[in-house]
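Each chain, written out:
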Amino acid sequence: MSLTSDPPIDPPTEPAIEPPTGPSTGPSTGPSTGPSAGPSTGPSGDPPAAKAAGPGADHEALTVVPVRHPWRWVAIAATAVLLAQFLNGLITNPGWEWDVFAQFFTAPTILKAVWITLQLTSYGTAIGFALGVVLAFMRLSASTFLRTVAYGYIWAFRSIPLIVQLLFWFNLAYLYKELQFGIPFGPGFFSFDTMNLVGATSAAVLGLALHQAAYAAEIVRGGVLAVDSGQLEAASALGIPRIRQLRRIVLPQAMRSILPNAANEIISLFKGTSIVSVMAIGELFYQVQVVYGRNGRVVPLLMVATVWYVLLTTALSVLQHYVERHYAKGAVR
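Model, not experiment: these values are computed from the prediction.

(A) Region of interest: the packing of aromatic side chains. Scanning the model with the defined rule gives seven aromatic pairs in all. For the ring pair Trp98 and Phe101, a centre distance of 5.3 Å and an interplane angle of 85 degrees mean the geometry is edge-to-face. Of this pair, Trp98 and Phe101 both sit in helix α4 (residues 98-105), three residues apart, roughly one helical turn. Three or more aromatic residues joined by ring pairs make a cluster, and in this case those are Trp96, Trp98, Phe101, Phe105 and Trp308.

What follows is the structure in structure tokens.
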């Protein structure tokens, strides 16, 4: 008895073939017209060999034609022609003055300027991201006061142009001739002159770092928010301390989202150091301007700066690749 409401399914039965009922007339002398008159065929008329081969037998007889992409080859050819024309112009055009380029590419003044550029980038990146991490966690804090302070800082330094910030710190002595420490709105206990407090290099590092911190804070905050909150809840349930959660659970996973944007910011800061030339700091672009201002060779000196920027940016990109690969261990891409 079936336990379901559906009727039992019986296996299909083949119709029985009844034997002939007529009187036997002896051995037949004519051609047979019964079911065994010829080779057996299926319902569709296919021979048994075709049925035994299965449905894939017909696919083996098909001719596979690869997909053709004629416009792709046209684009490749056009790009190759344009690239060849550009390289030919670089080599044959005398206006590039490659002899002057080779003369100044490794000149001591240029190498010193490259070193100053790397220093500005390193200091600005280190201070900027250190402050940016603090601001990011202030924005993620449950305290309204900390969130407001962090948001106000980020809003201000992202709104003011970098060149204005640099000139402000460079002219700090003009705005505040001395700084006093004492009772607010009351008498001061001691003061000091601001004329030599912030020099050109210090103002450049301070402006670059504070500007970078505003962008770094949002990058770090976005990376932390990309980590599943359920992992923090599980870590808290296991009794793992808060600092260890951030150091061993949150940041290693957040780095996968932080690194690409952070690398873009570092490369932008490296090239953006050229803006400190308005403060007469001897970084790469400023030194190139000084040299071509004396000899009038503008194009080859600009190519010196360009090639140095390209080489150092490429080195940073290679470093980014290996750091990303380190933090991508165990992740499926």
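(B) Quick look at the pattern of salt bridges. This structure, assessed with the given rule, holds three salt bridges. Here Arg297 and Glu97 are joined by a salt bridge, their closest N and O atoms 2.9 Å apart. One end of the pair, Arg297, is in the loop between α12 (284-295) and α13 (298-327); the other, Glu97, is in the loop between α3 (70-92) and α4, with 200 residues separating them in the sequence. Judged by its relative accessible area of 24%, Glu97 falls in the partly exposed class.

(C) Broad picture of the side chain of Thr121. Examined against the element boundaries, Thr121 turns out to sit in helix α5 (residues 108-139). Of note is the side chain of Thr121, whose polar atom sits 2.9 Å from the backbone oxygen of Thr117. In contact with Thr121, other than residues within four places in its own chain, are Ile266, Leu269, Phe270 and Thr273.

(D) Just the packing of α5 against helix α9 (residues 200-225), in detail. The geometry of α5 relative to α9 is characterised by a closest axis approach of 5 Å and an angle of 45 degrees between their N-to-C directions. It follows from the interaxial angle that α5 and α9 lie oblique. Here the hand of the crossing between α5 and α9 comes out right-handed. Classifying every residue of the contact of α5 with α9 by side-chain character gives 19 nonpolar, five polar and three charged.

(E) Layout of unusual backbone geometry. Within the chain, Glu97 stands out as a residue other than glycine whose phi angle is a positive 50 degrees. In this structure, Ala280 takes a positive phi of about 60 degrees despite not being glycine.

(F) View of the nonpolar core. Judged by nonpolar contacts, the single largest core of 24 residues is most densely connected at Leu120, Leu135, Tyr153, Ala204, Leu208, Val276 and Met279. When contributions to this core are tallied by element, the ones reaching two or more residues are α5, α6 (144-159), α7 (162-170) and α9.

(G) View of the confidence of the model for the chain. In the predicted model, the chain carries a mean pLDDT of 81, and the fraction of residues at 70 or more is 80%. The lowest-confidence element of the chain is helix α1 (residues 48-53), averaging 51 in pLDDT; the highest-confidence one is α6, averaging 94. Here residues 23-40 is a poorly scored stretch, pLDDT under 50, and it has two contacts once near neighbours within four places are set aside; other chains count.

Conventions we followed
Residues numbered from 1 in each chain as written. Predicted model: local features only at pLDDT ≥ 70, side-chain atom pairs only at ≥ 80, totals over all residues. Heavy atoms only, no water. Phe/Tyr/Trp six-rings, centres within 6.5 Å; stacked < 30°, edge-to-face > 60°. Helix = DSSP H or I, 4+ residues; strand = E, 2+ residues; numbered from the N terminus. Salt bridge = Lys/Arg side-chain N within 4 Å of Asp/Glu carboxyl O. Buried < 20%, exposed > 50% of the residue type's maximum accessible area, 1.4 Å probe, protein only. Polar contact = N/O pair within 3.5 Å; in protein donor to acceptor, adjacent residues only side chain to side chain. Contact = heavy atoms within 4.5 Å. Axes fitted to C-alpha atoms, helices over the stretch in contact; angles between N-to-C directions. Parallel < 35°, antiparallel > 145°, perpendicular 65-115°, else oblique. Left-handed = near helix turned anticlockwise from the far one by under 90°. Nonpolar A, V, L, I, M, F, W, Y, C, P; charged D, E, K, R; others polar. Core = buried A, V, L, I, M, F, W, Y, C linked by side-chain atoms within 4.5 Å. pLDDT = per-residue confidence, 0-100.

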